[in-house]
Amino acid sequence: MGIGLVEMELESKLDEALMESFPASDAPASLSEIEPDDLSARKVAVIIGSLRRGAYSRMAANALIAMAPQGLHLEIVEILDLTLFNQDLEDDPPVAWTVFRDRVREFDAVIFMAPEYNRSMPAPLKNAVDIGSRPPGQNLWDGVPAGVVSTSPGALGGISSNNHLRQTLTNVNMFVLPQPNVSIGRVDTLFDENGNLTNEGTKKYLASFLDSFAKWIEKFL
Ligand code: FNR
């Protein structure tokens, strides 16, 4: 398929993406609030780069949470309520920033779910990374192992977002799993109407990512 056709398909998906965003208090609670069965499991924060209801990146996050292997416990850390980073507010930060920072510190590692906006990561995702990186000397990402999963209804799976995000995470001194470098294309075809992952190939792909990620994070903890 030519790139022009791919772009036209992406355009037709924009309307879906423009559904209104929703507050963290409204976020689906189910999978984020499950307590780890195994108290020695590594705790992994899952940060979703889309604010919209019905985000495919959230569906993919829930699929990862559901298939987490023994020894890995995944939980969503919401960024829905984060206001834009403003350096003027650093001395007296908004409560939502502090809540987010304290929450991320509870985890051993982070997986970032990265949709693609204009060949880069969505602004809320970059904003969350910026908030976590400040103030100077309190960069909470420092030395933390990370994984990136990009998703898109387009054929390229958000790989430009993935690459830009990796560049930023390297700058805040996160250790990002190099391979598998997961970018999931045609994400709008992989889930049923209840948001359950139905594509067997994608299940295997995500399972191999989680296995590699589980081994990767042990190198740094
Ligand atoms: C997009 N989309 C998009 N997709 C892509 O593969 N490459 C791109 O550069 C863009 N650019 C883009 C810009 C803007 C402003 C929007 C709103 C959307 C389409 C995008 O991948 C699609 O809407 C996804 O469904 C968004 O991810 P969630 O919300 O489903 O996780």
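Rules behind the numbers
- Residues numbered from 1 in each chain as written.
- Predicted model: local features only at pLDDT ≥ 70, side-chain atom pairs only at ≥ 80, totals over all residues.
- Heavy atoms only, no water.
- Helix = DSSP H or I, 4+ residues; strand = E, 2+ residues; numbered from the N terminus.
- Areas by Shrake-Rupley, 256 points an atom, 1.4 Å probe, with all protein chains shown as cover.
- Core = buried A, V, L, I, M, F, W, Y, C linked by side-chain atoms within 4.5 Å.
- Buried < 20%, exposed > 50% of the residue type's maximum accessible area, 1.4 Å probe, protein only.
- Contact = heavy atoms within 4.5 Å.
- Phe/Tyr/Trp six-rings, centres within 6.5 Å; stacked < 30°, edge-to-face > 60°.

A. Layout of the overall build of the protein. Within the protein, the regular secondary structure consists of six helices and six strands. Reading the protein from its N terminus to its C terminus gives the helix and strand order α-β-α-β-α-β-α-β-α-β-β-α. As displayed, the protein offers around 11000 Å² of accessible surface, 51% of which is attributable to carbon and sulfur atoms.

B. Layout of the nonpolar core. Counting residues in each nonpolar core, the largest one holds 30 residues, and the members touching the most others are Leu64, Leu74, Ile111, Met113, Phe209 and Phe213. Breaking this core down by element, the ones donating at least two residues are β1 (42-48), α2 (56-66), β2 (72-76), β3 (109-114), β6 (182-184) and α6 (200-218). No other element matches the seven residues that α2 contributes to this core. Discounting chain neighbours no more than four positions away, the residues touching Leu74 are Val44, Val46, Leu64, Ile65, Ala68, Ile111 and Leu210.

C. Region of the structure containing the packing of aromatic side chains. Applying the stated rule across the entire model yields six aromatic pairs. With a centroid separation of 5.2 Å and an interplanar angle of 25°, the aromatic rings of Phe85 and Trp97 are classed as stacked. Within this pair, whereas Phe85 is found in the loop between β2 and α3 (95-104), its partner Trp97 is found in helix α3, the two being separated by 12 residues in sequence. Judged by relative accessible area, which is 23%, Phe85 ranks as partly exposed. Among the residues examined, Trp97 registers a relative accessible area of 0% and is labelled buried. A network of ring pairs unites the aromatic residues Phe100, Phe112 and Trp141 as a single cluster.

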